[in-house]
Amino acid sequence: MQATKEYRRIAVFGGIYNNALALEATLEDACKRDVEAVFCLGDMGGFGPHPDRVFPLLKAARVLAIQGNYDESLALGKGDCGCGYTDPRDNFFARVSYEYTFRKTSLGNKAWLGRLPKQRRIRLGSLQVLMCHGSPRTINEFLWESSTPNGLVQKFLRDGGMDVILCTHTGMKWQRRLPEGKHLVNVGVIGRPENDGQTNVWYTILTAGDDLQVEFVPVHYDHERLALEMEQEGLPPEFIATIRTGWWTTCMEILPAKERGRGRY
Amino acid sequence: MMSTPVAPFSYLSTLWVQVTGTWCNLQCVHCINASGPKNPWLRRLDTEMVKRAIREAETFGVKEIYFTGGEPFLHEDILELLAFALQVAPTTILTNGTMINGTMADALASLTRQTPYSLEIRVSVDDIDPEQNDRIRGKGAWAKALRAIQLLHARGLLPILTATEISHTSPSGEGGLYTRFRDFLLSLGIDKPRVKIIPIFPIGRMAGEGGSLLTEEVLRGFDFSLLQCSETRVVADGGIYACPILAGLEEARLAEESLQDSFKPCRLYHPACVTCYQTGMTCKNF
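Note that the structure is predicted; figures quoted are calculated from it, not measured. (Residues numbered from 1 in each chain as written. Chains lettered and ligands numbered in written order. Predicted model: local features only at pLDDT ≥ 70, side-chain atom pairs only at ≥ 80, totals over all residues.)

**Details of the sheet that holds strand β1 (residues 6–7) of chain A**
All names here are of chain A. Put simply, the rule is: Strands pair, by our definition, only if DSSP identifies at least two bridges between them. We count a stretch as a helix when DSSP gives it H or I for four or more residues in a row; a strand needs E for two or more, and each element gets its number in order from the N terminus. Working definition of a contact: two residues with C-beta atoms, positioned from the backbone, lying within 7 Å. Lines are fitted to the C-alpha atoms to define the axes, a helix being fitted only along its stretch in contact, and any angle between axes, read from their N-to-C directions, falls within 0 to 180 degrees.
Within the open sheet, the six strands sit side by side as β1-β5-β6-β7-β9-β8. Their pairing is mixed. In this open sheet, the two edge strands, each paired with only one partner strand, are β1 and β8 (174–178). Pairing of β8 with strand β9 (residues 182–186), which is carried by five bridges, proceeds in the antiparallel orientation. Bridge pairing in β9 links Trp174 to Asn186. Sheet strands in contact with helix α6 (residues 150–160) are β6 (127–131), β7 (164–167), β8 and β9, and its direction is about 75° off that of β8.

Right, dumping it as structure tokens:
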């Protein structure tokens, strides 16, 4: 097993989705929580306005990031975000979002995204932790709470020799505790609300101990200002409605029944 | 002579169970495995055998389980099997909806409360017009399928209307069908419309003579993870098969009993493989 850095307490967040305002609020909050490091599990772009505003904040705060499917696509100059939608309506909105981010992200920032590692391994106390974007095996695999069997989590942990897996990609936080101190934690995203009718976003604090402590932290930010910026940038009203209301309005074909049932649309 | 290409096997993500073989109470003109009520050429599966297969799949970290047929609700133990599967993984059942009444819908809703995993119900409808639909699926099929969708939705079960492209005659492309069915469901008060569209395959009642085949040359540099047969296996009458479309066909059989024995490359030998390759479709929900 290669040597990995050990931490006692860390902050981890998922997709930023161009939401520099939420990112700023998250970093400010994390500063007050006695964390040793801040990690981002990928997807800096998509959905929101002004992609280039995110990168100076990440660099100034020395956030340790990994690459998401969105980042990979932008870096490689691919034609789409790699989410794999089949519904033409979902594809339409995914394309609008991706083309905007692609056009507005500088070459330098795209290159930075290209240099990000796909995964990170650390230790939290004695626990071996794997950080990935979608799943340990595939960058764009969705791990929803209702679609991730315990048997699959155990296989991931076994195959990687890990105790804890951290992921994002779905946009909804959840955690699964398994026997012998094993965990899978989807840290959620800070880019947009998690389809619960609330305007705040979420990130995660993890603390080493006899048993891993997982704390989901809500972040309130100036969502109305973000909505106005999105309007000024001509982004779809459907996206802006999500920021203002907390309900997802597009790209929902990939939601399993339980998660779709909790949303408004 | 071109040799038949093979798709490598990566890991087991999806387990399909052809629980009633080709036994169905309908006899749709486009059925991919020519299912029907009389003399099904593939037999139903034994309940204990299905449970064994699911247990084996669990050890390999299976992510999803699908029940198909024929018509799965014809199996006398289908609720017991769904409950069993839902303790292992999110589970989907594909149905024509004709056997879903209020009592059955209540039973399905009850199952979802006993598991952390999602239950997905795919209900087959081929047209928003009852007459056009029933020309394909049989008299009365549309009314019963729509009744099922209403009953399931009323209980928060969020069915996925599944249509093939058989009635798609206009050249407007796929977008037309999604919009057509989605708007139709919304007009019925189904406020969370879910639609899946599947291409027509040259197999079963739509099998033609000959048909083009895939070649190794065509697939050079191809990402095989885009084909479901790289991560799917089907338990059906006679053994374990590469995919739900070819289930039951001798050349698609990979093993007799053990799932693990089927974890090997499969030959992309059938004209239906061309459809999968060209459309990028998957039989899964997403």
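Resuming the write-up.
**Some thoughts on the interface of chain A and chain B**
To be explicit about the condition: The classification used treats Ala, Val, Leu, Ile, Met, Phe, Trp, Tyr, Cys and Pro as nonpolar, Asp, Glu, Lys and Arg as charged, and all other residues, Gly among them, as polar.
Facing the 17 residues of chain A at the interface are 20 residues of chain B. Elements supplying a minimum of two residues to the side of chain A that touches chain B: α4 (88–104), α6 and α9 (257–262) of chain A. A total of four residues in the side of chain A that touches chain B trace back to one element, the largest contributor, which is α9(A). Residue composition of the side of chain A that touches chain B, grouped by class: seven nonpolar, four polar and six charged.

**Let's talk about the packing of helix α1 (residues 47–59) of chain B against helix α2 (residues 78–86) of chain B**
When two helices pack together, their arrangement is given by the angle between the helix axes and by the axis-to-axis distance. Residues and elements named next belong to chain B. For clarity, the threshold we go by: The scheme is simple: roughly parallel for angles under 35 degrees, roughly antiparallel for over 145, roughly perpendicular for 65 to 115, oblique for anything else.
Relative orientation of the contacting elements α1 and α2 amounts to 10°, with a least axis distance of 10 Å. Judged on the interaxial angle alone, α2 and α1 are roughly parallel. On α2, the residues touching Thr47, Val50, Lys51 and Ile54 of α1 are Glu80, Leu81, Phe84 and Ala85. In the contact of α1 with α2, the residues fall into five nonpolar, one polar and two charged.

**Comments concerning the sheet that holds strand β8 (residues 232–236) of chain B**
All names here are of chain B. Across the sheet, which stays open at both edges, the nine strands sit in the order β7-β6-β5-β4-β3-β2-β8-β9-β10 with mixed pairing between neighbours. Each having just a single partner strand, β7 (195–198) and β10 (253–255) make up the two edges of the open sheet. Going from strand to strand, the sheet's axes swing by 30° on average, the running direction of each strand aside. One ladder, built from three bridges, connects strand β3 (residues 64–68) with strand β4 (residues 91–95); its direction is parallel.

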